[in-house]
Amino acid sequence: MRILAINGSPKGERSNTWRLTQAFLDGIAQQLGPDAMELRTVCVRDVDVRPCLGCFSCLRNESGTCCLHDDMQGIIASRVWADVTIWSFPLYYFGVPGPLKNLIDRQLPMSLPFMVERTDGVGNGSHPSRHDMSGKRNVIISTCGFYTTEGNYDGVRAQFDHMCGKGGYEEVLCGQGELFRVPELAERTDAYLQIVRHAGAEFAQGGITASTKEELAKLLFPRKTFEAMADASWGISRETGQAEDEAISFTRQMAALYNPASHDGTDRILEMDYTDRGVRCCIVLGPEGATVVTDGSATPTTSVHTPFGVWQEIAQGKVSGVDALAQHRYSVTGDFDLMIRWDDYFGSGADEEPSQPTDGGKEKPPVMLAMLIPWVAFWTAFSISPTLGPAITLAACAIGTVVLARHERTVYDTLSLAAVLTLVAASLAGAPLPTLQCASFVAFGLMWLVSALWFVPLSAHYVKGSYGGNKALRNSIFLNTNRIICLVWGVTYLASAVAALVAPQATALISELLPVPAAVFTVVFQRWYPAHVARG
Ligand SMILES: Cc1cc2nc3c(=O)[nH]c(=O)nc-3n(C[C@H](O)[C@H](O)[C@H](O)COP(=O)(O)O)c2cc1C
């Protein structure tokens, strides 16, 4: 496939639209294989294409030669050479930018001078083509600055309907185009570019499908969010019309990303204290939206103390917020819950991990009950009745497995089941109960203890759902919190094993009492430790 890509943005390579065009070309190349695609590009900004003089000399001479001798002759040759022309341009005053319009006008030598009937219902009158352009395809790729493309491209479409025949072109049009140059929003814009890549692959196969067109038409961000970000991006206060500190406009843009659906009935006030600039401002997170307060009148519930550059690096994804916190590059005081639920408050939603398809729908997250049922059944059933113990334990394990079948199973669910089945088998083989109870505490304790040294500690599997899902498993503070909790539980159960050895008659009491301090520790520590690290 021979492709001519015309970059009509005055920004050249730095064009937002060109990023979409490159993604589209990537999609074509992936689909066809790089050898099956020949590409020529024209950057309108860099070529010498003078405006048409309107002299009609090109129509007057037999060869259709223009009287202006510049780069246009080569561009016309490429238009004739190409199977596909991609017109890549920003929307300027609801049309194509001036230099690109010049280039379009200068295509007059491609036409013969004679008048012919227009048969596709687009306007009246036409000129026949001097070249065989049948079967050639056109694509327009464009971004615009307003929140939507809807209603803004009627002029462009009218122009291309005349040039290519009614609807005789594919289009990739995207509003909020300036967001493609904002590194902080790359998660969302990269997701869009991925759809454009897919559109390119489909185009290479025949045409962009209706479902992809639907995806392409979706807004990058809701109108309100986008417009608040756009307004804040100029660094000029809307109220006073005066320039304001870069850190404040940055905070306003951050506030624009607030998702009011995350409001849980309590207003929170996040203070951004840019320590290197002496600038403090608060974002009031209410049920309707976020407001930025710069006059010091708001009392923060959570304060982030950070150099501006560090916060920018985090927002741009150059460094993880958790790692920067662990390295004490910034600190947090006040209610740390807001930081834990940061993605709920400010996430774009584009970073959600795709759910694992299973039979008939989503698999539910793992539950600790699945790991605990075999152990609790063993300890309870055998202490009530050593004779019925095996049967009751097996029944409880079977029921637990069936009831929780839709939950994702962890390695610890499987290990627990295997360990308890081994204990039941040992009891049926005649092993004495005190030995089995002691062995069960050792096995249970070791499982926690060893997991604390493993990549993902045991408890992390079961609580990750409350901390952003699998993303939490890359969070060193989350992992360390769980590591310490697992150590405590491991030691507790190994201590239970020792106590059961020393005082076998009190085994039941020990197994009930020892976990109590561990449970209290878990509840307190899981809140205290992350906040402690955050305070620096
Ligand atoms: C002179 C000028 C006129 C513009 N006119 C419009 C317009 O009519 N409608 C619109 O939505 N955006 C308009 N924009 C915004 C651009 O279309 C938008 O910023 C686009 O993403 C720039 O793309 P580029 O980086 O590929 O040049 C205009 C921008 C400029 C500089």
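Note that the structure is predicted; figures quoted are calculated from it, not measured. (Residues numbered from 1 in each chain as written. Predicted model: local features only at pLDDT ≥ 70, side-chain atom pairs only at ≥ 80, totals over all residues. Heavy atoms only, no water.)

A. Here's a closer look at the site of the ligand. The environment of the ligand is made up of 17 residues, and the closest members are Ser9, Ser15, Thr17, Leu91 and Glu178. In this structure, an oxygen atom belonging to the ligand sits 2.7 Å away from a side-chain N or O atom of Lys11. At 2.8 Å, a side-chain N or O of Thr143 approaches an oxygen atom of the ligand. Contact with the protein chains removes 79% of the 650 Å² of surface that the ligand exposes when unbound. Along the lines of polarity and charge, the residues of the shell around the ligand split into 7 nonpolar, 7 polar and 3 charged. (Near = heavy atom within 4 Å. Polar contact = N/O pair within 3.5 Å; in protein donor to acceptor, adjacent residues only side chain to side chain. Areas by Shrake-Rupley, 256 points an atom, 1.4 Å probe, with all protein chains shown as cover. Nonpolar A, V, L, I, M, F, W, Y, C, P; charged D, E, K, R; others polar.)

B. Representation of the sheet that holds strand β7 (residues 279-285). Spatially, the 5 strands line up as an open sheet ordered β8-β7-β6-β9-β10, and their pairing is mixed. The strands lining the two open edges of the sheet, one partner per strand, are β8 (290-293) and β10 (331-334). Going from strand to strand, the sheet's axes swing by 20° on average, the running direction of each strand aside. Sitting on the sheet, helix α10 (residues 308-315) is in contact with β6 (268-274) and β9 (302-306), with an inclination near 105° to β9. (Pairing = 2+ DSSP bridges. Helix = DSSP H or I, 4+ residues; strand = E, 2+ residues; numbered from the N terminus. Axes fitted to C-alpha atoms, helices over the stretch in contact; angles between N-to-C directions. Contact = heavy atoms within 4.5 Å.)

C. Structural detail: the environment of Arg223. Mapped onto the fold, Arg223 is located in helix α8 (residues 223-233). In this structure Arg223 comes out as partly exposed when scored by relative accessible area, which is 43%. The sequence separation of Arg223 and Ser262 amounts to 39 residues, and the corresponding C-alpha distance is 18 Å. (Buried < 20%, exposed > 50% of the residue type's maximum accessible area, 1.4 Å probe, protein only.)

D. Just the layout of surface pockets, in detail. The volume enclosed by the second largest pocket comes to roughly 910 Å³. Surrounding the second largest pocket, 30 residues form its lining, Ser111, His127, His162, Met163 and Cys164 being those nearest its centre. When contributions to the lining of the second largest pocket are tallied by element, the ones reaching two or more residues are α4 (98-105) and α5 (154-164). Per-element tally for the lining of the second largest pocket: the top contributor is α5, with 4 residues. Grouping the constituent residues of the lining of the second largest pocket by class yields 8 nonpolar, 14 polar and 8 charged. (1 Å grid on protein atoms, 1.4 Å probe; cavity = no way out; pocket = protein on both sides within 12 Å on 5 of 7 lines; lining within 4 Å. Points joined across faces, edges and corners; volume = space filled by probe spheres on them.)

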